[in-house]
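Spelled out, the chains give:
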Amino acid sequence: MHQNELTFPFKRYQIQPVWRADRPQKGRYREFYQCDVDVVGSTSLVYEAELVQIYDEVFSKLKLPVVIKFNNRKILEGIAEVAGIPERMVEMTVAIDKLDKIGLDGIKKEMGERGIDDEAITTITQILSIQSLDELQNALESSERGKLGIQEVQTLLQYLSAGQTQQEIRFDITLARGLNYYTGCIFEVQAKGVAMGSIGGGGRYDNLTGVFGLKDVSGVGVSFGAERIYDVLEELKLFPADTSNSLKVLFMAFDEAAHLYAFAALSKLRAAGVNSEIYPDPGKLKKQMKYANDRQVPFVVLVGEEEMNSGLLSCKNMQSGDQEKLTIEEIITKTQAQ
C-alpha cells in the first residue's frame, strides 16, 4: 500500500493477535499474540545478524536462557540436489522439521511415505549427521545452491563474531522450518530447561512481497511467541517478584470520614507515580488486612480520627511489621524508594 512512500531498507515491528487452526494443547493456541520484526528491501546479511542480536538482547533482559539456532534453506536445497531429489525438497524439509519430535527413524519413515527412495534417504541422513561447515562444504561440492548457503552462513558468523552476544547461538543443519516461503537463513529459538516448542522463529524471504505486488524485494524477519514466552517464564519462575504485586500502598480507613480523607491522600500518591489503592469499604480492619496480605502489598496506610487531626498517617511495613507516623510527603518518598 505504501511502497512508493517508504525508504528502503524499511524496518518495522508489529505486535498483534494471530489465529491458527491448531488443536489446543500446551504451548499451542488457536489465538495468540505474535511480535514480529522485519527488514524489507535489502539482501545484506547484516540484518540477519541484527535480528539475532535482537533475540539475544530480549531473552537476556528476560534472564531466560535460550539457544538461538540457525540454518539456511539453500543448504537444504543443496542436500536435496545431492540426494537426487530436488523436486522433493519440500517433502524432505517437512520431514526434517519434525526431527525433534519423532527422531531420526521417524523422519526416515516419513520421507519414505512421502515418496523419497531409500538411497536418497541414506544420503540425506548422512549429511544431516555432519557437524562442521568444512565437512558440509565437501558434501555439497556438487551443488552451487548448497555452497551459496554455506557462504551465507559463514558471512553471518563473521558478523556475529564482530558483535556481542550473551546467549548460545548454534548452527543446526537439521533446522528446516516448515514454511516454504523462506529462501535463505532461517532461525528458531528454544528455551533451555523446559519442555516447550520454539518460542521464536523466522528467516529470509526473497519472493514473499511479490504476492502483494512488490516484486524482487527481499526481506528478512523474526517473530516472538508472546504466550509461549509467558508460559516458559511462568514455569521457570523467572517473573520478578514485584511484577504481579506492583501495588505498593493500600489505604485503609476506620470510618466514612476517614475514607474521604484517605481518598484525598491516595490521589497525592498516585500523582507522584506511586501505585496505590484504597480499600472500598471502611470499617473492619481484619477484613482489610486479609485483603492486603492476599495482594502482598508492601505498605498499608491506616487512617482514623487521630491521623486526620494530626496529619500524620500510620504507615505499616507489611514485611517487617514496623509501623510509623508519617506525613503524605514522607510516605511518597519512602514508597518511591522501594
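Higher on the page you've got the structure.
Since this is a predicted model, take the numbers as computed values, not measurements. (Residues numbered from 1 in each chain as written. Predicted model: local features only at pLDDT ≥ 70, side-chain atom pairs only at ≥ 80, totals over all residues. Heavy atoms only, no water.)

### Side note on the overall build of the protein chain
Looking only at helices and strands, the protein chain features 12 helices and 12 strands. Taking 2.2 N^0.38 as the reference for a compact globule, 338 residues should give roughly 20 Å; the C-alpha atoms of the protein chain span a radius of gyration of 29 Å, well beyond that estimate. Sequence separation of 24 or more characterises 63% of the internal contacts of the protein chain that already satisfy a separation of 6 or more. Only carbon and sulfur atoms are counted for the fraction: they give 50% of the accessible area of the protein chain, which is about 18,300 Å². (Helix = DSSP H or I, 4+ residues; strand = E, 2+ residues; numbered from the N terminus. Rg over C-alpha atoms; globule rule 2.2 N^0.38 Å. Contact = heavy atoms within 4.5 Å. Areas by Shrake-Rupley, 256 points an atom, 1.4 Å probe, with all protein chains shown as cover.)

### Quick word on the environment of Lys 284
Within the secondary structure, Lys 284 is located in the loop between strand E9 (276–278) and helix H10 (285–295). For the pair Lys 284 and Thr 123, spaced 161 residues apart in sequence, the C-alpha to C-alpha distance is 77 Å.

### Things to note about the environment of Glu 113
Position of Glu 113 among the secondary structure elements: in helix H4 (residues 99–113). Residue class for Glu 113 comes out exposed when judged on its relative accessible area of 59%. (Buried < 20%, exposed > 50% of the residue type's maximum accessible area, 1.4 Å probe, protein only.)

### Overview of the packing of aromatic side chains
Summed over the entire model, instances satisfying the criterion amount to eight aromatic pairs. Taking 4.9 Å as the distance between ring centres and 70° as the angle between the ring planes, the aromatic pair formed by Tyr 55 and Phe 224 counts as edge-to-face. Of this pair, Tyr 55 sits in helix H1 (residues 46–61) while Phe 224 sits in strand E7 (residues 219–225), and the two are 169 residues apart along the sequence. Of the two residues examined, Tyr 55 and Phe 224, each falls in the buried class. Three or more aromatic residues joined by ring pairs make a cluster, and in this case those are Tyr 55, Phe 59 and Phe 224. (Phe/Tyr/Trp six-rings, centres within 6.5 Å; stacked < 30°, edge-to-face > 60°.)

### Brief notes about the pattern of salt bridges
Applying the stated criterion across every chain yields a total of 21 salt bridges. Across the salt bridge formed by Arg 145 and Glu 77, the nearest N and O atoms sit 2.7 Å from each other. Of this pair, Arg 145 sits in helix H7 (residues 144–162) while Glu 77 sits in helix H2 (residues 73–82), and the two are 68 residues apart along the sequence. Classification of Arg 145 as partly exposed rests on a relative accessible area of 30%. (Salt bridge = Lys/Arg side-chain N within 4 Å of Asp/Glu carboxyl O.)

### Looking at the packing of helix H9 (residues 256–271) against helix H12 (residues 328–336)
Interaxial distance between H9 and H12 falls to 10 Å at its minimum, and their mutual angle equals 40°. One finds that H9 runs oblique with respect to H12. Along this stretch, H9 crosses H12, giving a crossing that reads as right-handed. Listed contacts from H12 to Ala 265, Lys 268 and Leu 269 of H9 are Ile 328, Ile 331 and Ile 332. (Axes fitted to C-alpha atoms, helices over the stretch in contact; angles between N-to-C directions. Parallel < 35°, antiparallel > 145°, perpendicular 65-115°, else oblique. Left-handed = near helix turned anticlockwise from the far one by under 90°.)

### Focus: a nonpolar patch on the surface
A cluster of nonpolar side chains, namely Tyr 13, Ile 15 and Tyr 33, defines an oily patch on the protein surface of about 380 Å² accessible area. By relative accessible area, Ile 15 is classed as exposed at 55%. (Patch = residues over 30% accessible without salt bridge, like charges linked within 9 Å, V, L, I, M, F, W, Y side chains within 5 Å.)

### Overview of the sheet that holds strand E2 (residues 31–40)
The strand order across the open sheet built from seven strands is E1-E2-E7-E6-E5-E3-E4, with neighbouring strands paired in mixed fashion. Whereas interior strands pair on both sides, the edge strands pair on one side only; in this sheet they are strand E1 (10–19) and strand E4 (168–171). If you compare each strand with its neighbour and ignore which way they point, the axes differ by 15° on average. Where H2 meets the sheet, it contacts strand E3 (66–72), E4 and strand E5 (185–191), and its direction lies at approximately 55° from that of E3. (Pairing = 2+ DSSP bridges.)

### Overview of a negative patch on the surface
Together, Asp 255, Glu 256, Asp 281 and Glu 305 make up a negatively charged patch on the protein surface. Accessibility expressed as a relative area gives 56% for Glu 256, which makes it exposed. (Lys, Arg positive; Asp, Glu negative; His and termini not counted. Charge placed at Lys NZ, Arg CZ, Asp CG, Glu CD.)

### Regarding the sheet that holds E9
Working definition: the strands of a sheet are paired by backbone hydrogen bonds and lie parallel or antiparallel to each other. If you walk across this open sheet you meet the five strands as E9-E8-E10-E11-E12, and the pairing is mixed. Each having just a single partner strand, E9 and strand E12 (323–326) make up the two edges of the open sheet. Within this sheet the neighbouring strands show an average axis-to-axis angle of 25°, counted without direction. Pairing geometry for strand E8 (residues 249–253) and strand E10 (residues 299–303), over five bridges, is parallel. Bridging from a neighbouring strand, Leu 250 pairs with Val 300 of E10. With respect to the sheet, H9 is in contact with E8, E9, E10 and strand E11 (313–317), its orientation differing from that of E9 by roughly 170°.

### Re H9
Spacing of three or four residues puts side chains on the same side of an α-helix, whose turn is 3.6 residues. Given a rise of 1.5 Å per residue, 16 residues ought to cover 22 Å, and the 23 Å separating the end C-alpha atoms of H9 matches this to within 8%. The set of residues buried in H9 consists of Ala 258, His 259, Ala 262, Ala 265, Leu 266 and Leu 269. End-on, the buried residues of H9 take up no more than an arc of 125°, which puts them together on one face. Opposite the buried face of H9, at more than 90 degrees from it, the exposed residues are Glu 256, Leu 260 and Ala 271. (Expected span 1.5 Å × (residues − 1). Arc of directions from axis to C-beta.)

### What to know about unusual backbone geometry
Phe 8 connects to Pro 9 through a cis peptide bond whose omega is 0°. For Lys 63, which is not glycine, the phi dihedral falls at a positive 60°. Residue placement: Lys 63 occurs in the loop between H1 and E3. Overall, the relative accessible area of 65% leaves Lys 63 in the exposed class. A positive phi angle is found at Lys 237, which is not glycine, with a value near 55°. Mapped onto the fold, Lys 237 is located in the loop between helix H8 (226–235) and E8.

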